Amino acid sequence: MEPTKLSRKAPVGLKSKGKRLWQEVTGGYQLRSDELDVLEDVCREADLIDKIETELASADLMTTGSMGQMVVNPLIAEARQHRATKMSLWKRLALPDPSTGESAATNQQREAAQTRWAVAHGAGA
């Protein structure tokens, strides 16, 4: 992935948050088609999370379950799951950190090494 100043047109159906992400990433990186597919998924997840959060803003945190019991609003679990999915997609995309130029994989490897060192030297849990 090499930096470029040309952004690509956002895929049809993206909403404001997804379009903004698309423009930011494609404006800064030249992506292969498989990476563009992953980026599109990230953008769609961002839009879906935004929609869920909008719904949650006016919804009760607790709702009535199928047996009449009080349960946590299912949208809360959905938001959490979609955030995890989005994070997983970002990791698959593995864009370099703009401040250091290191890829996400490099950062992950560094964190793993630091954890191993901490465990080996009694600083880990």
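Provided above is the structure to which this section pertains.
Attention in this report is confined to the structure presented alongside it. (Residues numbered from 1 in each chain as written. Predicted model: local features only at pLDDT ≥ 70, side-chain atom pairs only at ≥ 80, totals over all residues. Heavy atoms only, no water.)

### Here's the deal with the overall build of the chain
Rules: Strands are runs of DSSP state E lasting at least 2 residues, helices are runs of H or I lasting at least 4, and numbering of each runs from the N terminus. Partly exposed describes any residue whose relative accessible area lies between the buried limit of under 20% and the exposed limit of over 50%, with all areas from a 1.4 Å probe on protein chains only and scaled to the type maximum. Any two residues having at least one pair of non-hydrogen atoms within 4.5 Å are treated as being in contact.
Summing up its helical and strand segments, the chain has four helices and two strands in all. Helices and strands appear in the chain in the N-to-C order α-α-β-β-α-α. Buried positions account for 26% of the 125 residues belonging to the chain. Residue pairs at least 24 apart in sequence account for 48% of intrachain contacts in the chain once pairs closer than 6 positions are excluded.

### Quick notes on the packing of helix H1 (residues 16-28) against helix H2 (residues 33-57)
Note the following rule: Every axis corresponds to a line fitted to the C-alpha atoms, with the helix fit spanning only the stretch in contact, and the corresponding angles, defined between N-to-C directions, vary from 0 to 180 degrees. Note on angle classes: values under 35 degrees are labelled roughly parallel, values over 145 roughly antiparallel, values of 65 to 115 roughly perpendicular, and the remainder oblique. In this scheme the crossing of two helices becomes right-handed for a clockwise turn of the near helix relative to the far one and left-handed for an anticlockwise turn of less than a right angle. Amino acid classes used here: Ala, Val, Leu, Ile, Met, Phe, Trp, Tyr, Cys and Pro are nonpolar; Asp, Glu, Lys and Arg are charged; the rest, including Gly, are polar.
Close contact between H1 and H2 brings their axes to 7 Å; oriented N to C, the two are set at 150°. Accordingly, the angle class assigned to the pair H1 and H2 is roughly antiparallel. In this structure, H1 meets H2 at a crossing whose hand is right-handed. In this structure, H1 contributes Ser16, Lys17, Gly18, Leu21, Trp22, Val25 and Thr26 to the contact, and H2 contributes Leu36, Leu39, Glu40, Val42, Cys43, Ala46, Asp47 and Asp50. Grouping the amino acids of the contact of H1 with H2 by side-chain chemistry returns eight nonpolar, three polar and four charged.

In short, shape yes, function no, at least from these values alone.
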